Amino acid sequence: MLFNSYPFILLFLPVVLAGYFWLGRRSNLVPVIWLALASLAFYAIGNWQFVALLLISIAFNYGVGHLLIVAKLGLTQRKAALALGVAGDLVVLGIFKYASFATENINALFGTHFAVHILLPVGISFYTFTQIAFLVDAYRGQVAAYALPHYVLFVTYFPHLIAGPILHHKDMIPQFERKETKHPDAHLILCGVIIFAIGLFKKTCLADGIQPLVALAFEARSPSFDQAWLGALAYTFQLYFDFSGYSDMAIGISLTFGIFLPVNFNSPYKATSIVDFWRRWHMTLSQFLRDYLYIPLGGNRHGRLLRYVNLMITMLLGGLWHGAAWTFVAWGALHGAYLCVNHAFNALAPKIPSVLARPARIAGALLTFLAVVVAWVFFRAVSVAWALRVLHAMVDPSNIVFGREEIAALVLIAVYAALVWLAPNTQAIMGYDHGNRRVGETLRAGRMRPLLLYGASLVLAFGILGIQSHSEFIYFRF
Amino acid sequence: MQGTFTHLRQLLLASMACVLGAAMLNYLVDPLQLFRPSRLALYSDDTRVQNAGLIRSQSFDTVFMGTSLAIHFRQSNIDRALGVHSLKLAMTGSNSRQQSFVLEQAVDRGAKRVIWEMDDFIFVDAPDIEADPYLSVDLYRRTTKGIASYLFSAAMAKESLFTLLRSVPPLRQKLTQAAPYLPVTFALSDVDDIYALPRDFDIGRDYNTKKTLAAFTYITAPPRRRFLGEGYGYEAMIRHFEQDAMGLIARHPDVTFDIYFPPYSILQFVAMRDASPATLKIVVDLTAVIAQRLTQLPNVRLHDFRAIRAVTHDLANYGDVIHHSPVVDAKVLSWLASGEYRVDPNKPLASLDELKAQVEAYRVPQP
């Protein structure tokens, strides 16, 4: 089921909300079970064939986690249990996500003709990572024993299940356990609806609105210089509004249940360096990769060279996490290289005088944006060869069309660029503070209330009017 | 607490008001002219949507259908050459189901003559028209669902707002001039300009031998040659021809159908000959059946332009292996008017045989 669909907005969400708060008057546990069942129903609509896999994954990880938390195991046994749990998760992920890719490469290398056709279960990358984090923390002794309904809800919680944000059990389960979340909080519901409206608008009007321009670069046999740039920029903005729109909707929906989800985007295209970019883009994934891959690999604790190696490994695997294709490996490798260069520059370059700080930040932001756009070409292209073709066009100014269509595209790109660089982001507009569980203090105080309310009503209206028959989120396929 | 629920109610009510306001705006401005014709209307190149409005709002006795091969024709040129009052409904990349459906709607609205640019590849297998995601049958039929999707649309509200702004006298001229360069879909002030090439278009830059040969090299390269026959299947194509073309023609015996096989460059067939012979066989067999079947119908005039050597062998006429220049567009109209290349019902395969001989004999120019 899609957030940007009439059945979800007009039927599913109101029914689940009503049931949750109605049951919340009677019990603290039953609403959790209700929400978990609703989440499974949400997943089953359109993905029913993968529900069993999801349930098996939950049972397996809960079982292994239980062993690690409750059973009195020795160190070796604990290590073995963790290895079993993580390996089990990765094997399942490998089979469903990477088997076809591996087979294609084996065929290409050895001239064989093996064929593997396995459908990718929606959300598998997200719920696998979520549970690996749980197992690792359980091994480290950082997890209390969770009740099964709360754990099931933590994994399946429908606002995040399909495309994140990647949740952390220590953040979520205590919220599910709180009695207060089972009673409707009008302020949180209002703020949730506004955040949802912003996300819906981002998706249906902004991301879907610019999507046709992407074809200029990625569906043309030989795009010109201007077409390649316009298409690459269009995709850069489409991806941002699509994914951050989804994340906003997830945060907004969750807030109506009284649950705070972590922020996933913080104006990433305003980043002044690649390091800064990764603190702002898909933040929950970056945190996961840092905590459960980069730091366990050694992080920056074993010298500069090993730090760069660890960065490259982390980003290569981060690329591969997005999809089983060489284009994603290339994208990850590029970002790994960017990060290495960025860290090397920070270590070796002299300190910039304060008078030059501002120009340096602007130059850094431009360079970062450019580097990110180049990397997105690999992320979007159907093959590395196709990406190289687009990039080749982007450095060949001898072939320029700049006709009517390209001028109209440029106007639209300029509007999106202004939005991305000049407008505040959702959490700034709403004063969303995930850590302190605060939101909309300005609204509560009455300042700017009419402006926010009527602005939000317009955004919600256009978000709803922008709903097309079927427009999936880009990150659903990861 | 109560106060905040009041705010939530206010927000939802204001949103509903905005939604209804946008729908009202769309209904009053009616950018597609689905409900009423308008002198101030603008037109869109999105032909699958635009055609639904054109059929309702324009007066015509003849309709012109086809794919991208027929997209650059101007209605004014068609009218002049053939002495008709035409409406161009060609759609890029369209299949026979879409073409047949749109033609049926136009015939139901009074078209007495159909000029149909018929490619072999329109008959490849495709979704049923009722489930076609790219062409809304509900919009054409004006069902409740179709009208709701038209009125309750942010994209259409943007177009309505632009049309409204453009109707303000001080803004009219400037916005009309700027429209083609703005991100609006309904940007053309003249129905004749839909997908037509600008009058000052540099033909030599876009249509030349170099581009045609480059396209030939591209499509026949080993990694891509499998795409030449993509979707081609003799049985399915015959079935779609019978359903979509023969079915439509049989249902409307009072309508005259001028159907033509367009003048692709010879390289289109040579590419198949060299890189995908099975596809060439399907094309030959399919068009043989089409020629034999259509020439037997009293309300069909079939024209075959595929073997006109003076055009098809001159690669400077093309932008790739099939798309010909506006110069050839003009020739097509004159051939249709004169009937010079009309297929003789007694010898329906004569032009096809000539084409086969040409394809066999042709040698690709080496750079």
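Up top is the structure these notes are about.
Criteria and thresholds
Residues numbered from 1 in each chain as written. Chains lettered and ligands numbered in written order. Predicted model: local features only at pLDDT ≥ 70, side-chain atom pairs only at ≥ 80, totals over all residues. Heavy atoms only, no water. Contact = heavy atoms within 4.5 Å. Buried area = accessible area lost by both parts, 1.4 Å probe. Salt bridge = Lys/Arg side-chain N within 4 Å of Asp/Glu carboxyl O. Polar contact = N/O pair within 3.5 Å; in protein donor to acceptor, adjacent residues only side chain to side chain. Helix = DSSP H or I, 4+ residues; strand = E, 2+ residues; numbered from the N terminus. Core = buried A, V, L, I, M, F, W, Y, C linked by side-chain atoms within 4.5 Å. Buried < 20%, exposed > 50% of the residue type's maximum accessible area, 1.4 Å probe, protein only. Axes fitted to C-alpha atoms, helices over the stretch in contact; angles between N-to-C directions. Parallel < 35°, antiparallel > 145°, perpendicular 65-115°, else oblique. Left-handed = near helix turned anticlockwise from the far one by under 90°. Nonpolar A, V, L, I, M, F, W, Y, C, P; charged D, E, K, R; others polar. Expected span 1.5 Å × (residues − 1). Pairing = 2+ DSSP bridges. Phe/Tyr/Trp six-rings, centres within 6.5 Å; stacked < 30°, edge-to-face > 60°. Lys NZ or Arg CZ within 6 Å of the ring centre and 35° of its normal.

### Overview of the interface of chain A and chain B
On the side of chain B, 27 residues touch chain A, which itself brings 29 residues to the contact. Together chain A and chain B conceal approximately 2,400 Å² of surface at their shared face, both sides included; 75% is due to carbon and sulfur atoms. Of all residues in chain A, the largest losses of buried area upon contact with chain B belong to Arg 221, Arg 404 and Leu 465 of chain A, amounting jointly to 29% of the total for that side. The tally of links between chain A and chain B comes to 1 salt bridge. Among the salt bridges present, the one from Arg 404 of chain A reaches Asp 45 of chain B, with a minimum N-O distance of 2.9 Å. There are 3 residue pairs in polar contact (both at pLDDT 80 or more) connecting chain A and chain B. Elements that contribute at least two residues to the side of chain A that touches chain B include exactly α8 (186-218), α15 (384-394), α16 (404-422) and α19 (449-465) of chain A.

### Comments concerning the nonpolar core
Grouped together as the largest cluster of nonpolar side chains are 153 residues, with contacts concentrated most on Phe 237, Tyr 269 and Trp 376 of chain A together with Trp 116 and Leu 294 of chain B. Sorting elements by how many residues they give to this core places helix α9 (residues 225-256) of chain A first, with 11 residues. Setting aside residues no more than four positions away along its own chain, Tyr 269 of chain A makes contact with Thr 236, Phe 237, Tyr 240, Phe 277, Trp 281, Phe 369, Val 372, Trp 376, Val 420 and Trp 421 of chain A. Ranked by size, the runner-up nonpolar core spans 100 residues in total, among them Leu 68, Leu 200 and Ile 251 of chain A together with Leu 11 of chain B.

### Thoughts on the packing of α8 of chain A against α16 of chain A
All names here are of chain A. Closest axis-to-axis distance for the α8/α16 pair is 11 Å, and the angle between their directions is 140°. Of the possible angle classes, the one that applies to α8 and α16 is oblique. Relative to α16, the crossing made by α8 is left-handed. On α16, the residues that touch Cys 205, Leu 206, Gly 209, Ile 210, Leu 213 and Leu 216 of α8 are Glu 405, Glu 406, Ala 409, Leu 412, Ile 413, Tyr 416 and Leu 419. In the contact of α8 with α16, the residues fall into 10 nonpolar, 1 polar and 2 charged.

### Some remarks on helix α11 (residues 283-297) of chain A
Residues and elements named next belong to chain A. Between its terminal C-alpha atoms α11 stretches 20 Å, which fits the 21 Å expected from 15 residues at 1.5 Å a residue. Every buried residue of α11 is listed here: Met 283, Thr 284, Leu 285, Ser 286, Phe 288, Leu 289, Tyr 292, Leu 293 and Tyr 294. Where α11 is buried, its residues contact α5 (124-139), α10 (274-278) and α12 (304-322). Phi turns positive, to about 130°, at Gly 298, one or two residues after α11.

### Some thoughts on the pairing of strand β4 (residues 113-117) of chain B
Residues and elements named next belong to chain B. Taken across its 5 residues, β4 has 5 buried, putting it largely inside the fold. As paired elements, strand β2 (residues 62-65) and β4 share 4 bridges and run parallel to each other. Looking across to β4, one finds that Met 65 is bridged to Trp 116. Alignment of β4 against strand β6 (residues 256-261), held across 5 bridges, turns out to be parallel. Within β6, the position partnered with Trp 116 by the bridge is Ile 259.

### Some remarks on the pairing of β2 of chain B
Strand residues, when the strand is regular, have side chains that alternate between the two faces of the sheet. All names here are of chain B. Side chains Thr 62 and Phe 64 project from β2 onto one buried face, and the interleaved Val 63 and Met 65 project onto a second face that is buried too. By the bridge criterion, 3 bridges tie β2 to strand β3 (residues 86-88) in an arrangement that is parallel. Paired with Thr 62 across the bridge in β3 is Ser 86.

### So, the sheet that holds β3 of chain B
By definition, the strands of a sheet pair up through backbone hydrogen bonds, in either a parallel or an antiparallel sense. All names here are of chain B. With respect to topology, 5 strands assemble into an open sheet ordered β3-β2-β4-β6-β7, the strand pairing being parallel. The open sheet is flanked by β3 and β7 (300-304), the only strands paired with a single partner. Each neighbouring strand pair of the sheet contributes to a mean axis angle of 15°, computed without reference to strand direction.

### Things to note about the packing of aromatic side chains
All names here are of chain A. For the coordinates displayed, the defined rule picks out 59 aromatic pairs over all chains. When the ring centre of Tyr 235 is taken as origin, the NZ or CZ atom of Arg 380, which lies over that ring, is 5.8 Å away. The positively charged end of Arg 389 is found above the aromatic ring belonging to Trp 386, 4.4 Å away from the centroid.

### Remarks on the side chain of His 187 of chain A
Locating His 187 of chain A in the fold gives a position in helix α8. At 3.5 Å, the side chain of His 187 of chain A and the backbone oxygen of Gly 440 of chain A are in polar contact.

### What about the pattern of salt bridges?
In this structure the tally under the stated criterion is 26 salt bridges over all chains. Counted as one network, the salt bridges with shared partners bring together Lys 203, Asp 208 and Asp 242 of chain A.

### Quick word on unusual backbone geometry
All names here are of chain B. With a phi angle near 50°, Asp 30 is a residue other than glycine that sits in the positive phi range. Within the fold, Asp 30 resides in the loop between α1 (2-29) and β1 (43-44). What makes Asp 30 buried here is its relative accessible area of 1%. One non-glycine residue with positive phi stands out, namely Arg 142, at about 55°. With respect to the helices and strands, Arg 142 occurs in the loop between α5 (137-141) and α6 (144-151). Among the residues examined, Arg 142 registers a relative accessible area of 31% and is labelled partly exposed.

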